[in-house]
Amino acid sequence: QVQLVESGGGLVQPGGSLRLSCATSGIIFRLYAMGWYRQAPGKQRELVAGISKDSTTTYVDSVKGRFTISRDNAKNTVYLQMNSLKPEDTAVYYCNADWSTVVLRPGAYWGQGTQVTVSS
């Protein structure tokens with residue numbers, strides 16, 4: 001079965017750093033575009049960062065220069081390094097594996113989410 005398991009969330013002070021990890025199983029990881037989404041209280045889910053199967057990256061404007069997405073195909077894992085964290089980064093962060101480039105239909109697998117709280 002397909003599993004995406006996030007880890008690395010927690011409570012951090014403004015200006016601090018966290019690294020999120022998403023370990024996958026049950027997919028041929030190198031064939032999937034991967035992403036990190038977040039959903040903050042009272043807000044819609046948004047794509048924070050994405051990385052293609054050839055490691056091209058995309059970021060939402062609010063995190064550019066602070067967050068870095070990367071992937072390790074040998075470990076079937078995608079990471080999100082988050083630096084200079086702000087209170088507005090507080091959200092549940094979800095890992096996403098987009099299968100639209102693998103099969104000819106839209107869709108994705110999702111992890112269970114990990115809470116990131118930025119507060120003093």
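The structure under discussion appears in the preceding block.
It should be emphasised that the depicted structure is a prediction, and the values quoted were computed from it without experimental measurement. Here, residues in each chain are numbered from 1, in the same order as that chain's written sequence. This being a predicted model, a pLDDT of at least 70 is required before a residue's local features are given, and a value of 80 or more before pairs of side-chain atoms are given or counted; all residues contribute to the totals for chains, interfaces and linings. Only hydrogens and water are removed before side-chain values are computed, so all heavy atoms of the structure are retained for them.

Asker: Any chance you could explain the pairing of strand 3 (residues 18-25) here in plain terms?
Answerer: Two faces make up the sheet, and in a regular strand the side chains alternate between them. Any two strands are treated as partners once DSSP identifies two or more bridges connecting them. Secondary structure follows DSSP: runs of H or I at least 4 residues long count as helices, runs of E at least 2 residues long count as strands, and numbering of each begins at the N terminus. Looking at chain direction, strand 1 (residues 3-7) and strand 3 are connected through 5 bridges and run antiparallel. For S7, the partnering residue across the bridge sits in strand 3 and is S21. Pairing analysis gives 6 bridges linking strand 3 to strand 8 (residues 77-82), with the strands arranged antiparallel. Its bridge partner lying in strand 8, R19 is registered against Q81.

Asker: Could you clarify how one ought to interpret the nonpolar core in this entry?
Answerer: It is characteristic of soluble globular proteins that their nonpolar side chains tend to be buried jointly. Counting residues in each nonpolar core, the largest one holds 29 residues, and the members touching the most others are M34, W36, V78, L80, M82 and Y93. Looking at this core, the elements that each hand over two or more residues are strand 3, strand 4 (33-39), strand 5 (46-51), strand 7 (67-72), strand 8, strand 9 (91-98) and strand 11 (114-118). Any two residues whose heavy atoms approach within 4.5 Å at even a single point are treated as in contact. Aside from chain neighbours lying at most four places away, what touches M34 is L4, T24, F29, A49, G50, I51, I69, R71, V78, C95, N96 and A97. Put simply, buried Ala, Val, Leu, Ile, Met, Phe, Trp, Tyr and Cys residues joined by side-chain atoms within 4.5 Å make one nonpolar core. Relative accessible area decides the class of each residue, using a 1.4 Å probe on protein chains only: under 20% of the type maximum gives buried, over 50% gives exposed, and in between gives partly exposed.

Asker: Explanation requested: the state of the cysteines in the structure shown.
Answerer: In this description, the term disulfide denotes a pair of cysteine sulfurs within 2.5 Å. One pass over the structure, following the stated rule, counts 1 disulfide. Between the sulfur atoms of C22 and its disulfide partner C95 the distance amounts to 2.0 Å. Across the S-S bond of C22 and C95 the torsion is about -85 degrees, and the bridge reads as left-handed. Highlighted residues: C22 in strand 3 and C95 in strand 9, separated in sequence by 73 residues.

Asker: Even after reading the chapter, I still don't get unusual backbone geometry, so can you show me in this structure?
Answerer: Note: most residues except glycine have negative phi, and most peptide bonds are trans. Positive phi values are uncommon outside glycine, yet N76 reaches one of about 55 degrees. For N76, the location among the structural elements is in the loop between strand 7 and strand 8. The phi dihedral of S84 is positive, around 50 degrees, even though this residue is not glycine. Here S84 lies in the loop between strand 8 and strand 9.

Asker: Honestly, the pairing of strand 7 in this entry has me stumped. Any pointers?
Answerer: Of the two faces of strand 7, only one is covered, namely that formed by F67, I69 and R71; the face formed by T68, S70 and D72 stays uncovered. Pairing geometry for strand 7 and strand 8, over 6 bridges, is antiparallel. Its bridge partner being in strand 8, R71 is matched across the sheet by V78. In sequence, strand 7 turns back onto strand 8 through a hairpin of 4 residues, with N76 there showing a positive phi of about 55 degrees.

Asker: So what exactly am I meant to see when it comes to the pattern of salt bridges here?
Answerer: Two side chains carrying opposite charge are able to pair once their charged atoms lie near each other. We define a salt bridge as a contact between a side-chain nitrogen of Lys or Arg and a carboxyl oxygen of Asp or Glu at a distance within 4 Å. If you walk through the whole model with that rule in mind, you get 4 salt bridges. Put simply, R38 and E46 hold a salt bridge, and the shortest N to O gap is 2.8 Å. Classification of R38 by relative accessible area gives buried; the value is 6%. Classification of E46 as partly exposed rests on a relative accessible area of 28%. One salt bridge in this structure joins K64 and D61, with 3.1 Å as the shortest N-O distance.

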